[in-house]
Amino acid sequence: MIAISDSEWKIMNALWDSSPKTITELTKELEESTGWTKHTVITLLKRLEAKGAVYFVEGERAKQYHAKIPQNETVIEEAKHFLNKAFKGKLGLMINTLIEDEDFLEEELDELYEILDKKRGKTNG
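Residues numbered from 1 in each chain as written. Predicted model: local features only at pLDDT ≥ 70, side-chain atom pairs only at ≥ 80, totals over all residues. Heavy atoms only, no water.

A. How the structure looks around the overall build of the protein chain. For the protein chain, the helix and strand inventory stands at 6 helices and 2 strands. Across the protein chain, helices and strands are ordered from the amino to the carboxyl terminus as α-α-α-β-β-α-α-α. Along the first, second and third principal axes, the C-alpha set of the protein chain runs to 55 × 30 × 30 Å. Burial status across the protein chain gives 23% buried among its 125 residues. As presented, the protein chain carries roughly 9,300 Å² of accessible surface, and 51% of it is formed by carbon and sulfur atoms. Of the side chains in the protein chain, 18 bear a positive and 24 a negative charge, and the two mean positions are spaced by 9 Å. (Helix = DSSP H or I, 4+ residues; strand = E, 2+ residues; numbered from the N terminus. Buried < 20%, exposed > 50% of the residue type's maximum accessible area, 1.4 Å probe, protein only. Areas by Shrake-Rupley, 256 points an atom, 1.4 Å probe, with all protein chains shown as cover. Lys, Arg positive; Asp, Glu negative; His and termini not counted. Charge placed at Lys NZ, Arg CZ, Asp CG, Glu CD.)

And the structure:
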């Protein structure tokens, strides 16, 4: 598993949303929400490249950055890591904690039931 920092997740999500992107494009996209300069984006891209998470192709005017690791696998690994770290691997404990602490909409609870029913091989309706 590649360990990705919170800042690096922002870069990865931008690349997963649409690739390729240049440093300038990433900076413009993330500047408002993060306040990052071009130098910060470059530093994060270098870290991600060293980890094997991104790669670039030389473009006509600028490097074109791509995500090298798949989003779905990375998200699953991160979720498992969090579950093990925070809840000792117990999914029920995590869900119970979230439900008791948050105000969930009825639609969100229905969605959770649907997910659980699909996992069990059942269908509603």
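B. Geometry of the side chain of Glu 8. Relative to the helices and strands, Glu 8 resides in helix α1 (residues 6–17). Looking at Glu 8, the relative accessible area reads 2%, which means it is buried.

C. Summary view of the pattern of salt bridges. Counted under the stated rule, the structure contains 2 salt bridges. Glu 29 is paired through a salt bridge with Lys 21; the nearest N and O atoms lie 2.5 Å apart. Given the relative accessible area of 7%, Lys 21 is considered buried. (Salt bridge = Lys/Arg side-chain N within 4 Å of Asp/Glu carboxyl O.)

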